Amino acid sequence: MVGKITDNFNWYECYNSNANGYKYFDLQFYDNVLQLSKMLEELREYTGEPINVHSWYRPVYYNDVVMPRKGYHTSTRSDHKLASAIDTSINPTVGVINKWKSICNRYEVSYSIGVYDWGMHLGFRNDLGNRQWTQDWYK
Ligand SMILES: [Zn+2]
């Protein structure tokens, strides 16, 4: 997968830059990538600023084995394994949080929102319900 997903998101952003060397992408998550990109475009329109991507898709082995080994907190139920979430350094204001909830509502998907001192996790996932957490509490 190369090139643009939507106007402002590219496939290389989906290939997790944190997962050095893991260029694998599972096509079963293709629709999640398209949907998340569309939703993020709407959020981008709201903030009026680019949404940078620190982490998007994480292969199972990278998320469940490599990251914990490196000392990163992660969840075996992470949305990143489904390519349905990003970590970004945009400011987790109340406005951004509420906008993400309303976008997810309109798409009829549950939201996942993580608030960190370095930015936030923005995702969606149907089967776990709505989730919101801070860096002190991992699901
Ligand atoms: Zn995340």
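Just above sits the structure.
Reference entry: report on the structure contained in this document. What you are looking at is a predicted structure, and each value in this text was computed from that prediction instead of being measured. (Residues numbered from 1 in each chain as written. Predicted model: local features only at pLDDT ≥ 70, side-chain atom pairs only at ≥ 80, totals over all residues.)

1. Regarding the environment of His 54
Selection rule: For helices the rule is a DSSP run of H or I covering at least 4 residues; for strands it is a run of E covering at least 2, with both sets numbered from the N terminus onward. Think of it as a crowd count around each C-beta: if 20 or more other C-beta atoms lie within 10 Å the residue is buried, if 12 or fewer it is exposed, and in between it is partly exposed, with C-beta placed from the backbone throughout.
If you trace the backbone, His 54 turns up in the loop between helix H2 (30-47) and helix H3 (60-69). In this structure His 54 comes out as partly exposed when scored by C-beta crowding, with 15 C-beta atoms within 10 Å. Between the C-alpha atoms of His 54 and Val 94, which are 40 residues apart in sequence, the distance is 21 Å.

2. With respect to H2
Here is the rule: The span you would expect from a helix comes to 1.5 Å times its residue count less one. C-beta atoms are first placed from the backbone for all residues, and any pair lying within 7 Å is then listed as a contact.
With 18 residues, H2 should cover 26 Å at 1.5 Å per step; its first-to-last C-alpha distance of 26 Å lies within 8% of that length. The complete set of buried residues in H2 reads Asn 32, Val 33, Leu 36, Ser 37, Met 39 and Leu 40. Buried residues belonging to H2 abut strand S1 (4-6), strand S2 (9-10), helix H1 (11-14), helix H4 (94-107) and strand S5 (119-124). Trailing H2 by a residue or two, Gly 48 shows a phi angle of about 75 degrees, which is positive.

3. Let's talk about the pairing of S5
Just so we agree on the cut-off: For two strands to pair, DSSP has to find at least two bridges joining them.
Burial runs high along S5: five of the six residues are buried. Pairing between strand S3 (residues 85-88) and S5: four bridges, direction antiparallel. Looking across to S5, one finds that Asp 87 is bridged to His 121. As paired elements, strand S4 (residues 111-116) and S5 share six bridges and run antiparallel to each other. Paired with Ile 113 across the bridge in S5 is Leu 122. Once S4 ends, the chain turns through two residues before running back antiparallel as S5.

Worth remembering: the numbers are spatial, not functional.
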